[in-house]
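# A look at the structure
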Amino acid sequence: MKVVLAEDQALLRVGLTRILEAGGIEVVEAVDNAPALARALTRPDVDAAVVDVRLPPSFTTEGLTAAIEARQARSGFPVLVLSQYVEPLYARDLLAGGEGAVGYLLKDRVADVDAFLGAVRQVAGGGTVLDPEVVAGLLTRRERPLDRLSEREREVMTLIAEGRSNAAIAARLFVTEKAVGKHISSIFTKLDLPPAGDDNRRVLAVLAWLNDT
């Protein structure tokens, strides 16, 4: 297997190169900046890339951007991204294409050499590897109130937003007005709308709906 390595810290770059090559993975280029990485990723003989998220010149997301662009140019091109900190949004960007062959690990994980090499091979083979802390960040995103609504309650909320009365909603959904009333009461509770006139709470519910869709 041939890989491109991008890491701006010289000692870590040398260390990663030795780890990869000791594991039977050839590092065809080891670069320390985004322009050099972009050029290296155009090589037709490269099978995968191991990339630091932050690279010169701005140390923001150059590595991640180059990796995503490489995957756009070569659909499904395997990329393992390394980061100093947990950034769930970066993982979402990598996973957005839904093609697999991506990985996102914290640099601390490199200390476990076998696990690191296993992650590189898994990504190169089309698999997906995510750091446990990144997974936790993705799963514990702040819940939006509208996420609490059931599918039926969302249907009712859509019709409320259209300005329909309980009777009209009941007719549209082929249920009783009593059932609609129960759904609306549940919606008010789940959206944390305090007791007040139902007309006022309907307006507040619609505002919440519009602000979140």
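No experiment lies behind these values; they were computed from the predicted model shown.

Criteria and cut-off values
- Residues numbered from 1 in each chain as written.
- Predicted model: local features only at pLDDT ≥ 70, side-chain atom pairs only at ≥ 80, totals over all residues.
- Heavy atoms only, no water.
- Core = buried A, V, L, I, M, F, W, Y, C linked by side-chain atoms within 4.5 Å.
- Buried < 20%, exposed > 50% of the residue type's maximum accessible area, 1.4 Å probe, protein only.
- Helix = DSSP H or I, 4+ residues; strand = E, 2+ residues; numbered from the N terminus.
- pLDDT = per-residue confidence, 0-100.
- Salt bridge = Lys/Arg side-chain N within 4 Å of Asp/Glu carboxyl O.

This part takes up the nonpolar core. Val4, Ala6, Leu37, Leu41, Phe77 and Val81 are the most contacted members of the largest nonpolar core, which totals 22 residues. Counting only elements with at least two residues in this core, the list comes to strand S1 (2-6), strand S2 (26-31), helix H2 (34-40), strand S3 (48-52), helix H3 (62-73) and strand S4 (79-83). The element that contributes the greatest number of residues to this core is H3, accounting for four residues. Counting residues in each nonpolar core, the second largest holds 19 residues, with Leu5, Leu16, Leu82 and Val123 among its members.

It is worth spelling out the confidence of the model for the chain at this point. Low pLDDT means the predicted atomic positions in that stretch should not be read closely. With 84% of its residues at a pLDDT of 70 or more, the chain shows a mean pLDDT of 84. Confidence, expressed as mean pLDDT per element, reaches its minimum in the chain at helix H6 (residues 132-139) with 63 and its maximum at S2 with 97.

On to the pattern of salt bridges, then. Going through the model one piece at a time under the given rule, you end up with seven salt bridges. Its salt-bridge partner being Arg43, residue Glu29 comes within 3.2 Å of it at the nearest N-O pair. Of this pair, Glu29 sits in strand S2 while Arg43 sits in the loop between H2 and S3, and the two are 14 residues apart along the sequence. The exposure class of Arg43 is partly exposed, given its relative accessible area of 25%. Its salt-bridge partner being Arg43, residue Asp45 comes within 2.7 Å of it at the nearest N-O pair. Looking at Asp45, the relative accessible area reads 26%, which means it is partly exposed. A cluster of three or more residues bridged by salt bridges with shared partners is formed by Glu7, Asp52 and Lys107.

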